[in-house]
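So you can see what is in the structure, the chains are spelled out below.
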Amino acid sequence: MSYPPYSGSGYPTQGGYPQQPGYGGYPQQGGYPPQAGFVGMPDPYGAPGGGPGYPSQPGGGFPAVPGGGASGYPPAPGGQPGYGMQYPPQSQQQGYGQQPAPGGYPQQPGYQQPPGMGGFPPQQQGYGQTPAPGGYPQQPGYQQPPAGGAFPPQQQGYGQQPAPPGGYYQPGAPGTCAPGYPGGPGAQPGGMPPPAVGVQTLPKGQGTVRPQPSFNPETDAKTLRKAMKGIGTDEKAIIEVLSHRSNDQRQQIKNMFKTMYGKDLVRELKSELGSNLEQAVVALMMTSVEYDAEQIHQAIAGAGTKEGVLIEIFCTRSNKQIQEIKVFYKAKYGKELEKRLMEETSGHFRRLIVSLSTGNRMENQPVDHQKARQDAQGLYQAGEKTLGTDESLFNSILCSQSFEQLRVVFQEYRRIANKGLDQAIKSEMSGDLEKGMVTLVRVIENIYFYFADRLHKSMKGAGTSDDTLIRVIVTRCEVDMVQIKQEYQRNYGKTLEGAIEGETSGDYKKLLMALVRG
């Protein structure tokens, strides 16, 4: 038996590993290309990396099988004489123990992919690495298997959602399946469905009130001083200044006014204005945290509790905002907010409000589709599927999971129950708990419509709920009033400006219209 040519250093040439005397049947690999300046660990089956090969072993070995096959196996299709099954191509490593570079193990020249299950598929991006958006890259020479009976093509990386520019998603229409889910468009025949690509993003919220580019707090302080000095009040000048400045700019005006005139601007405004106009102007002069804390205090102080205010604020504020509200509340009113909430609420509604008031919801939580399916099934079993309702399970899921995760849960619930979760809550719960849970679901699905609906109900029927009207307009005019107006017109067939004009009057109407129009 003769040996293949050997250069005497580095890896053997393309002839593969040298055969030992008496050995036969090892596959002739494509070989390792030499690496400059690198000495690898010895290969127990061939030459060490970069160094001289092992000397030939004396004696015999396993007898060669006639025809060059190993242990009697027939040659594989497209293989070399002398071995029966093909091995995957060896990729050039950067040293032992290192992960392959992104992109996976490259295809070696001369190696043909075995048909069917005759060999190992090419590796992609290394073990444990998350595919880049767009899925696993197609390797040269490897054909994608058909969708049926195989793994479906990946979309944007498994389990990843596009980053929400505004933090909110638009669900599908009631009674429809999301694309990619069984029964919905894009469902893959055979195998698991792809991620919930049907969960669409809402546009980022835009305020109608924006910072004034040519802002000068000294000039504005003088204008307000002049509007309130002497007999009578120039409400038009006050509205013009305050409705076209951001909250931060209004705080600067307030500070500059005291610096220049030694008086508190808010106190001066209250002495010059009255009724709903005064209430709206004072609200504009507070910071957002201060205003929310005051609204909560008024909702739980005195006889009765305004549960609707608590639901609105705690269901729509971020963790950071809730934490700031609690700190401010303790500093101003001398009591822990959670303790006051527990004193003024009861039952499962108390649990809901206390849970939300912790400001500890998971944020930036990676979407877990398997967990979403499990939670949706759990909600179904805890509500419609059984006699009675496990309110604690609803509370634990809706108050702890991220908005992104819950949108997938809601989508899975609709697929299981053929109805929205808010509809199920209405049939399973009642009172303030029902209102709180339904509000939470609707805020998570589409916060813009939720506030449009709040405004609509504040002006619907006999009389107007000015407290709600002022609170929503003041707190959202710098956040997402543009989208709220769009939702209002889409759902109620008229503009928000038109509704306000028909329900309010005087300078109060002018101020609200200026805030909504921008």
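No experiment lies behind these values; they were computed from the predicted model shown.

**Remarks on the overall build of the chain**
No. 1: Across its full length, the chain holds 20 helices and 2 strands.
No. 2: When burial is assessed residue by residue, the chain has 42% of its 518 residues classed as buried.
No. 3: Restricting to contacts in the chain with at least 6 residues of sequence separation, those with at least 24 account for 66%.
No. 4: For the chain, the exposed surface amounts to about 26800 Å²; the carbon and sulfur share of it is 53%.

**Remarks on helix α15 (residues 431-445)**
No. 1: Over its 15 residues, α15 runs 22 Å from end to end, which matches the ideal 21 Å to within 8%, given 1.5 Å per residue.
No. 2: Looking only at α15, the buried set comprises L433, G436, M437, V438, T439, L440, V441, V443, I444 and E445.

**Here we look at the packing of aromatic side chains**
No. 1: Here the structure, examined in full by the defined rule, presents 5 aromatic pairs.
No. 2: Residues Y488 and Y492 carry aromatic rings whose centres are separated by 5.1 Å and whose planes lie at 55° to one another, so their mutual orientation is tilted. Of this pair, Y488 and Y492 both sit in helix α18 (residues 481-492), separated by 4 residues, roughly a single helical turn.
No. 3: Assessed through its relative accessible area of 1%, Y488 is described here as buried.

**Re the environment of Q323**
No. 1: Within the secondary structure layout, Q323 lies in helix α8 (residues 319-333).
No. 2: For the pair Q323 and V289, spaced 34 residues apart in sequence, the C-alpha to C-alpha distance is 9.6 Å.

**A short note on the pattern of salt bridges**
If the charged atoms of two oppositely charged side chains come close together, the side chains can form a pair.
No. 1: Per the counting criterion, the structure on display carries 21 salt bridges.
No. 2: Close ionic contact of E412 with R373 constitutes a salt bridge, the shortest N to O distance being 3.7 Å. On the criterion of sequence distance, the pair formed by E412 in helix α13 (residues 403-417) and R373 in helix α11 (residues 369-382) is long-range, its members being 39 residues apart.
No. 3: Judged by its relative accessible area of 0%, E412 is buried.
No. 4: The salt bridge involving K510 is made with D507; its shortest N-O contact spans 3.8 Å. Of the two residues, K510 and D507 both sit in helix α20 (residues 506-517), 3 residues apart, roughly one turn of that helix.
No. 5: Take D507: its relative accessible area is 26%, and that puts it in the partly exposed class.

**What to know about the side chain of T389**
No. 1: You can see T389 is positioned in the loop between α11 and α12 (391-400).
No. 2: Take T389: its relative accessible area is 17%, and that puts it in the buried class.
No. 3: Among the polar contacts listed, one links the side chain of T389 to the side chain of E428, at a separation of 2.7 Å.
No. 4: If we ignore the near neighbours within four places in the chain, the residues touching T389 are A382, G383, F394, E428 and M429.

**A short note on the environment of H244**
No. 1: Relative to the helices and strands, H244 is located in the loop between α2 (235-242) and α3 (247-261).
No. 2: When the C-alpha atoms of H244 and P211 are compared, they prove to be 7.4 Å apart, with 33 residues separating the residues in sequence.
No. 3: What H244 contacts, discounting residues up to four positions off in sequence, is R210, Q212, I239 and G518.
No. 4: Polar contacts involving the side chain of H244 include one to the main-chain carbonyl oxygen of E240, which spans 3.0 Å.
No. 5: Among the polar contacts made by the side chain of H244, one reaches the side chain of S243 at a distance of 3.1 Å.

**Some remarks on helix α1 (residues 217-228)**
No. 1: In this model, α1 (12 residues) spans 17 Å end to end at C-alpha, consistent with the 16 Å of a helix rising 1.5 Å per residue.
No. 2: Within α1, burial applies to P217, D220, A221, L224, A227 and M228. Angular distribution of buried residues about the axis of α1 spans 125°; they occupy a single face of the element.
No. 3: The secondary structure elements touched by the buried residues of α1 are α2, α3 and α4 (265-272).
No. 4: Sitting at the head of α1, N216 places a side-chain oxygen 3.0 Å from the backbone nitrogen of E218.
No. 5: Immediately beyond the C-terminal end of α1, within one or two residues, lies G230, with a positive phi of roughly 80°.

**Some points on unusual backbone geometry**
No. 1: Positive phi values are uncommon outside glycine, yet S275 reaches one of about 55°.
No. 2: Residue placement: S275 occurs in helix α5 (residues 275-285).
No. 3: Relative accessible area serves as the criterion here: at 61%, S275 is assigned to the exposed category.
No. 4: You will see that N418, though not glycine, has its phi angle at about 60°, which is positive.
No. 5: Turning to its location among the elements, N418 is positioned in the loop between α13 and α14 (421-428).

**A look at the side chain of Q401**
No. 1: Within the secondary structure, Q401 is located in the loop between α12 and α13.
No. 2: A distance of 3.3 Å separates the side chain of Q401 from the side chain of K371, its partner in a polar contact.
No. 3: Aside from chain neighbours lying at most four places away, what touches Q401 is R361, M362, Q365, K371 and L406.

**A short note on the confidence of the model for the chain**
No. 1: Overall, the prediction assigns the chain a mean pLDDT of 75, with 61% of residues at 70 or greater.
No. 2: Here residues 1-197 is modelled with pLDDT under 50, and outside its nearest four sequence neighbours on either side it reaches 278 contacts, counting other chains as well.

**Overview of the environment of V408**
No. 1: Within the secondary structure, V408 is located in helix α13.
No. 2: Sequence separation of V408 and V367 is 41 residues, and the distance between their C-alpha atoms is 7.9 Å.

Definitions and limits used
Position numbers for residues count from 1 along each chain, tracking the sequence in the order it is written. Since the coordinates come from a predicted model, pLDDT governs what is reported: local features require at least 70, and pairs of side-chain atoms require 80 or more to be given and counted, while whole-chain, interface and lining totals use all residues. The side-chain numbers reported here are obtained from all heavy atoms of the structure, hydrogens and water having been left aside. Helix numbers and strand numbers start at the N terminus; a helix is a DSSP run of H or I with at least 4 residues, a strand a run of E with at least 2. Exposure classes here rest on a 1.4 Å probe applied to the protein chains alone. A residue is buried below 20% of its type maximum, exposed above 50%, and partly exposed in between. Every residue pair with non-hydrogen atoms within 4.5 Å of one another is taken to be in contact. Note that accessible areas follow from Shrake-Rupley with a 1.4 Å probe, and for residues the cover is restricted to the protein chains shown. Multiplying 1.5 Å by the residue count of a helix minus one yields the expected span of that helix. The rule is short: rings of Phe, Tyr and Trp, with Trp giving its six-membered ring, pair when the centres are within 6.5 Å, and they are stacked under 30 degrees, edge-to-face over 60, tilted in between. The term salt bridge refers to a pairing of a side-chain nitrogen on Lys or Arg with a carboxyl oxygen on Asp or Glu at a separation within 4 Å. In protein, a polar contact means a hydrogen-donor-capable atom and an acceptor-capable atom, both N or O and within 3.5 Å, with residues adjacent in sequence counting only if both atoms are side-chain atoms; elsewhere, any N or O pair within 3.5 Å suffices. Think of the arc as the fan of directions from the helix axis to the C-beta atoms. A residue's pLDDT is the confidence the predictor assigns to it, expressed on a 0 to 100 scale.

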